[in-house]
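Coordinate analysis (summary)
For reference, the chains in residue letters:
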Amino acid sequence: MSEHILLIEDDYAFQGMLLEALNEQGYQVTTASRAEEGIALARQGDYDLILTDVMLPGMSGVEAIPPLREAAPNTDIIVMTAYSSKELALEAVRRGAYDFFAKPFSLKELDIVVRRAMEKRRLQSEVFALRSTLRHDSPVSRLIGESPPMREVKALIEKVAPLDTTVLILGESGTGKELVSDTLCALSPRAGQSFIKVNCAAIPEHLFENELFGHEKGAFTGAAAAQPGKFELAHSGTLLLDEIGDMPLAIQPKLLRAVEEKKVERLGGRRPIPVDVRIIAATNQNLSDRVADKSFREDLYYRLSVAIINLPPLRKRKEDIPLLAEHLVRKLGSTLGIPVHGLAPDGIHALMQYDWPGNVRQLANLLERAAITAEGVITASDITKALSLHANPAALSVEGCSGYAPEAFALPLKETLQQVERNLLIEALRRANGSQKNAAKLLGVTPKNMWAKLQKH
Ligand SMILES: Nc1ncnc2c1ncn2[C@@H]1O[C@H](COP(=O)(O)OP(=O)(O)OP(=O)(O)O)[C@@H](O)[C@H]1O
Ligand SMILES: [Mg+2]
């Protein structure tokens, strides 16, 4: 099938000449004589290339670049301009045009420029095709889980990854937001480029601007040399704004401007620096609530949430636990060298009983702990032990809380105590070979009390 070009040119004579030349070179061409018309066509059709004039009635070709890119994110745009408006052409490139050439040009020149753009496109789609044939090796396969919500998440990742749109990843702590951002990046055309991660929760408010936008030499005392910010470092690649919910309100307008205008200004700098960055944001906070109580800017929220990936908590997809656990245990063997061969069926059963408030990260931490005491395979008893340690670390550690996974402390007190109680009941019954009376003795409670507790659980 021949490649399809969208040509936006208001000069009918010139349009006709180009149309003929391009047809002769074997391209299919659709024409428009106004930018607005071109944008509408780009939205509907599937074009391999857009050629646009700069001087158009109404919206100019330069102004049309961002909406054209939005309408056809995977189509390159080439701008044609008269010598006198070369400045404009440069501006067009800044706004996201792939290339430009100056009028008058020879048909040979046209041929070369168009051919080069098509070649690049062909190569890109070959890379995509290759990637999808290597499906088993595809980055999404690192995301374990075949439950309906996880399948949906994976399908959405594959859909939005190749686009340049901003993605907002939402989910409780430990649900895999960072892993999803890695996958998005790995599946995007920016895969080989820089991938910069910024943890907004770890930056003191007064250093934010410097961190994101950098500074010029002498911008403040101590600024001995100029330093680019994370936006500039991510140029032509991807920027992850992790824990975006922790971004101070005061910085948010600047961030919005940088995302919208694709330009940053260093501290103490006078010229805006163009940056071509794909933004991914992630948070475990409920951003729409934050917008409602005005602690997060609404305009920024809408700008970031062009596509939203919602990661369900593990308790809502418990059917993923067996696969995840097997995967995590295998990883323990290969990365930590812990000699475990897998999980016993009763081990998996025990994992399914728990609600995992710390999600996959908590599951991974717990399995690591259980693997240490396990002999060969992880059994229900290894898990019960690790869970009681996990839910109540202070009871087993002289130092108290330090060194334990923070999610253990995110548990509500009541839930935690109940979990500990349940684990202790199970352990006592196990040691007493199922005798309730002896288990009650072990726990120092009356048989009646023991019976009531068993009923409760
Ligand atoms: N679906 C999954 N398959 C395999 N591993 C996973 C999956 N989800 C999470 N993990 C693993 O769990 C751990 C926690 O994931 P990650 O750091 O991506 O979570 P997060 O949502 O960013 O958490 P937080 O909000 O605390 O930063 C990582 O080691 C990650 O590799
Ligand atoms: Mg994270």
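Note that the structure is predicted; figures quoted are calculated from it, not measured.

Tallying secondary structure elements over the chain gives 20 helices and 16 strands in all. In terms of overall dimensions, the chain is more spread out than a globule: its C-alpha atoms have a radius of gyration of 29 Å, far above the 23 Å expected for 457 residues. Its C-alpha atoms give the chain principal-axis dimensions of roughly 100 × 60 × 40 Å. Once local pairs closer than 6 in sequence are excluded, the contacts in the chain between residues at least 24 apart make up 68%.

Around ligand 1, a shell composed of 17 residues is seen, among which Ile144, Gly176, Lys177, Glu178 and Val360 lie nearest. Contributing elements (two or more residues each) for the shell around ligand 1: helix H7 (177–186), helix H13 (321–336) and helix H15 (359–373). By residue class, the composition of the shell around ligand 1 is six nonpolar, eight polar and three charged. Mapping the shell around ligand 1 onto the domain boundaries places at least three of its residues in each of domain 2 (137–312) and domain 3 (315–456).

With that settled, the discussion passes to the sheet that holds strand S4 (residues 76–82). Spatially, S2-S1-S3-S4-S5 is the arrangement adopted by the five strands of the open sheet, whose pairing is parallel. Edge positions in the sheet fall to strand S2 (28–32) and strand S5 (99–103), since each has one partner strand and no second. Averaged over all pairs of adjacent strands, the angle between their axes in this sheet comes to 20°, without regard to strand direction. When strand S1 (residues 4–8) meets strand S3 (residues 49–53), the two strands line up parallel, connected through four bridges. Residue pairing for S3: Leu7 is matched across the bridge by Leu51. Packing of helix H2 (residues 35–44) onto the sheet brings it into contact with S1, S2 and S3, and relative to S1 it is tilted by some 160°. Packing against the sheet, helix H4 (residues 86–94) makes contact with S4 and S5, and its axis sits at approximately 170° to S4.

Ile169 and Phe231 are the most contacted members of the largest nonpolar core, which has 41 residues in total. Dropping the residues within four chain positions of it, Phe231 is found in contact with Leu212, Phe213, Leu239, Ala258, Val264, Val275 and Val277. By size, the runner-up hydrophobic cluster in this structure holds 35 residues, among which are Leu6, Leu56, Val62 and Leu68.

Here we come to the domain arrangement of the chain. As far as domains go, the chain holds domain 1 (4–131), domain 2 (137–312) and domain 3 (315–456). Distance between the C-alpha centres of domain 1 and domain 2: 30 Å. Listed by partner, the interface residues are five residues for domain 1 and six residues for domain 2. When grouped by side-chain class, the residues that make up the side of domain 1 that touches domain 2 number one nonpolar, two polar and two charged.

Among the five residues of strand S6 (residues 167–171), five are classified as buried, and the element is accordingly described as predominantly covered. As defined by bridge partners, S6 adjoins strand S13 (residues 278–283) across four bridges and the pair is classed as parallel. In the sheet register, Leu170 faces S13, and the bridge partner there is Thr283. Two elements, S6 and strand S14 (residues 307–311), share five bridges in a ladder whose sense is parallel. Along S14, the bridge assignment pairs Val167 with Ala307.

Okay, the confidence of the model for the chain next. With 91% of its residues at a pLDDT of 70 or more, the chain has an overall mean of 87. Every residue in residues 393–410 is under pLDDT 50, and counting partners more than four places away or in other chains gives 20 contacts.

This part takes up the sheet that holds S14. One open sheet holds the five strands; their spatial order is S7-S10-S13-S6-S14, and the pairing between them is parallel. Each having just a single partner strand, strand S7 (195–199) and S14 make up the two edges of the open sheet. With strand direction ignored, the average angle separating the axes of adjacent strands in the sheet is 15°. Where strand S10 (residues 238–242) lies against S13, five bridges are found, and the strand directions are parallel. Looking at S13, one finds that Asp242 is bridged to Ala282. Taken strand by strand, helix H6 (residues 148–160) contacts S6 and S14, and its axis lies near 155° from that of S14.

Another point: the packing of helix H19 (residues 436–443) against helix H20 (residues 447–456). Two elements in contact, H19 and H20, have axes whose closest approach is 9 Å; the angle formed by their N-to-C orientations is 100°. Comparing the axis directions of H19 and H20 gives the class roughly perpendicular. From H19, Gln436, Lys437, Ala439, Ala440 and Leu443 reach across to H20, where they touch Pro447, Met450 and Trp451. Class assignment for the residues of the contact of H19 with H20 results in six nonpolar, one polar and one charged.

The next thing to look at is the environment of Leu367. Its location among the elements puts Leu367 in helix H15. Along the backbone, Leu367 and Ala325 are 42 residues apart, and their C-alpha atoms lie at a distance of 7.6 Å. Beyond its immediate stretch of four places on either side in the chain, Leu367 contacts Ala325, Leu328, Val329, Leu332 and Ile378.

When H2 is considered as a whole, its buried residues turn out to be Ala35, Gly38, Ile39, Leu41 and Ala42. Along the axis of H2, the buried positions cluster into a sector of 165°, meaning they face one direction only. Seen from the open side of H2, the exposed residues pointing more than 90 degrees away from its buried face are Arg43 and Gln44. Buried residues along H2 sit in contact with S1, S2, S3 and helix H3 (65–71).

Reading the values: the criteria
- Residues numbered from 1 in each chain as written.
- Chains lettered and ligands numbered in written order.
- Predicted model: local features only at pLDDT ≥ 70, side-chain atom pairs only at ≥ 80, totals over all residues.
- Helix = DSSP H or I, 4+ residues; strand = E, 2+ residues; numbered from the N terminus.
- Rg over C-alpha atoms; globule rule 2.2 N^0.38 Å.
- Contact = placed C-beta atoms within 7 Å.
- Near = placed C-beta within 6 Å.
- Nonpolar A, V, L, I, M, F, W, Y, C, P; charged D, E, K, R; others polar.
- Domains from an automatic or database assignment.
- Pairing = 2+ DSSP bridges.
- Axes fitted to C-alpha atoms, helices over the stretch in contact; angles between N-to-C directions.
- Core = buried A, V, L, I, M, F, W, Y, C linked by C-beta atoms within 7 Å.
- Buried ≥ 20, exposed ≤ 12 C-beta atoms within 10 Å, placed from the backbone.
- pLDDT = per-residue confidence, 0-100.
- Parallel < 35°, antiparallel > 145°, perpendicular 65-115°, else oblique.
- Arc of directions from axis to C-beta.

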